[in-house]
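Chain by chain, the residues:
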Amino acid sequence: MKIVVDADSCPRQARELALRAARRLGIQAVFAANRALADVSGPCARMEVCPNQENAADDRLAQLAMPGDLGITRDLGLAKRLLDKGCAVIDDRGRAFTKENINELLSIRTFTLSLSDNGLGQPRIAGYGKKESKAFADSLDRHLARLTRPKNDWTCSAT
């Protein structure tokens, strides 16, 4: 199990929380971006510097992801790709993406982009502060606890 992070748009605070969680659990955190990030370092961190091409970091993360990994991204297209590979996925504000909600979220994104293309744009997402960082930390801990929980095949049979 590892954490894969779309680091191009991930706030520094969220990257730090993901790194701390990886260190605490002794798992690897892989960050992909089109430039090296100075704050991504340590024995549990791996920085994948990708070509400066559209979707290069997304493609690399999708290539590295395995079932049971945790993905962190706000890119809905990448979230869907990771979900299709059997990963759990959250964004940097703690919102969980699931097979049940991803298609609706993609439809909403397409609709809002069409509004924006016609001059009816929506306001941008607010800044990243303590509230957003706390929501992310809580969601990260919840998902990692579930993903790292030992699985047992104990069965109970009446005797």
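Participant: Run through the overall build of the protein, naming residues and quoting values.
Facilitator: Counting its secondary structure elements, the protein contains 5 helices and 6 strands. Secondary structure elements of the protein occur, N-terminal to C-terminal, as β-α-β-β-α-β-α-β-β-α-α. Counting only residues that meet the buried cut, the protein has 42% of its 159 residues in that class. In the protein, the share of contacts with a sequence separation of at least 24, taken over all contacts with a separation of at least 6, comes to 50%. Only carbon and sulfur atoms are counted for the fraction: they give 52% of the accessible area of the protein, which is about 9,400 Å².

Participant: Tell me about the nonpolar core, residues and numbers included.
Facilitator: Residues Ile3, Phe31, Ile72, Phe136 and Leu140 are the most contacted members of the largest nonpolar core, which totals 28 residues. When contributions to this core are tallied by element, the ones reaching two or more residues are β1 (2-6), α1 (12-25), β2 (28-33), β4 (70-72), β5 (88-90) and α5 (130-148). With 6 residues, the top contributor of residues to this core is α1. What Ile3 contacts, discounting residues up to four positions off in sequence, is Ala18, Ala22, Ile27, Gln28, Ala29, Val30, Leu70, Ile72 and Leu144. By size, the runner-up hydrophobic cluster in this structure holds 21 residues, among which are Ala56, Leu76, Leu82 and Leu105.

Participant: Can you break down the packing of helix α2 (residues 56-64) against helix α3 (residues 76-84) residue by residue, with the values?
Facilitator: Angle between the axes and distance between the axes: these two values describe a pair of packed helices. Running from N to C, α2 and α3 point in directions that differ by 15 degrees, and their axes come no closer than 10 Å. Taken together, the axis directions place α2 and α3 in an arrangement best described as roughly parallel. Crossing hand, α2 versus α3: right-handed. Residue-level contacts link Asp58, Asp59, Leu61 and Ala62 of α2 to Leu78, Arg81 and Leu82 of α3. Looking at side-chain class alone, the contact of α2 with α3 contains 4 nonpolar, no polar and 3 charged residues.

Participant: I'd like a rundown of the environment of Gln13, residues and numbers included.
Facilitator: Relative to the helices and strands, Gln13 resides in helix α1. Separated by 120 residues in sequence, Gln13 and Ser133 place their C-alpha atoms 6.8 Å apart. Look past the residues within four positions of Gln13 in its chain and what remains in contact with it is Tyr128 and Ser133.

Participant: I'd like to hear about the pairing of β2, residue by residue, with values.
Facilitator: Working note: regular strand, side chains alternate between the two faces of the sheet. Most of β2 sits out of view: 5 of its 6 residues are buried. Here β1 pairs with β2 via 5 bridges, running parallel. What sits directly across from Ile3, in β2, is Ala29. Handedness of the crossover joining β1 and β2 through α1 is recorded here as right-handed.

Participant: I'd like a description of the sheet that holds strand β3 (residues 45-49), backed by residues and values.
Facilitator: Spatial strand order, β3-β2-β1-β4-β5-β6: 6 strands in an open sheet with mixed pairing. The strands lining the two open edges of the sheet, one partner per strand, are β3 and β6 (96-97). Inspection of the sheet shows β2 paired to β3 by 5 bridges, in the parallel sense. Within β3, the residue paired with Phe31 across the bridge is Met47.

Participant: Hey, could you go over α5 for me, with residue numbers and the actual values?
Facilitator: Given 3.6 residues per turn, any residue in an α-helix points the same way as the ones three and four places further on. Over its 19 residues, α5 extends 26 Å from the first C-alpha to the last, a length consistent with the 27 Å expected when each residue adds 1.5 Å. Looking at α5, one finds that the buried residues are Glu132, Ser133, Phe136, Ala137, Ser139, Leu140, His143, Leu144 and Leu147. Looking at the buried residues of α5, the elements they touch are β1, α1, β4, β5 and β6.

Participant: Run through the environment of Ala62, naming residues and quoting values.
Facilitator: Assignment of secondary structure puts Ala62 in helix α2. Taking the C-alpha atoms as reference points, Ala62 and Asp84, separated by 22 residues in sequence, lie 9.7 Å from one another. Apart from residues lying up to four places away in sequence, Ala62 is in contact with Leu78, Arg81, Leu82 and Lys85.

What counts as what
- Residues numbered from 1 in each chain as written.
- Predicted model: local features only at pLDDT ≥ 70, side-chain atom pairs only at ≥ 80, totals over all residues.
- Heavy atoms only, no water.
- Helix = DSSP H or I, 4+ residues; strand = E, 2+ residues; numbered from the N terminus.
- Buried < 20%, exposed > 50% of the residue type's maximum accessible area, 1.4 Å probe, protein only.
- Contact = heavy atoms within 4.5 Å.
- Areas by Shrake-Rupley, 256 points an atom, 1.4 Å probe, with all protein chains shown as cover.
- Core = buried A, V, L, I, M, F, W, Y, C linked by side-chain atoms within 4.5 Å.
- Axes fitted to C-alpha atoms, helices over the stretch in contact; angles between N-to-C directions.
- Parallel < 35°, antiparallel > 145°, perpendicular 65-115°, else oblique.
- Left-handed = near helix turned anticlockwise from the far one by under 90°.
- Nonpolar A, V, L, I, M, F, W, Y, C, P; charged D, E, K, R; others polar.
- Pairing = 2+ DSSP bridges.
- Right-handed = clockwise from strand over helix to strand, strands pointing away.
- Expected span 1.5 Å × (residues − 1).

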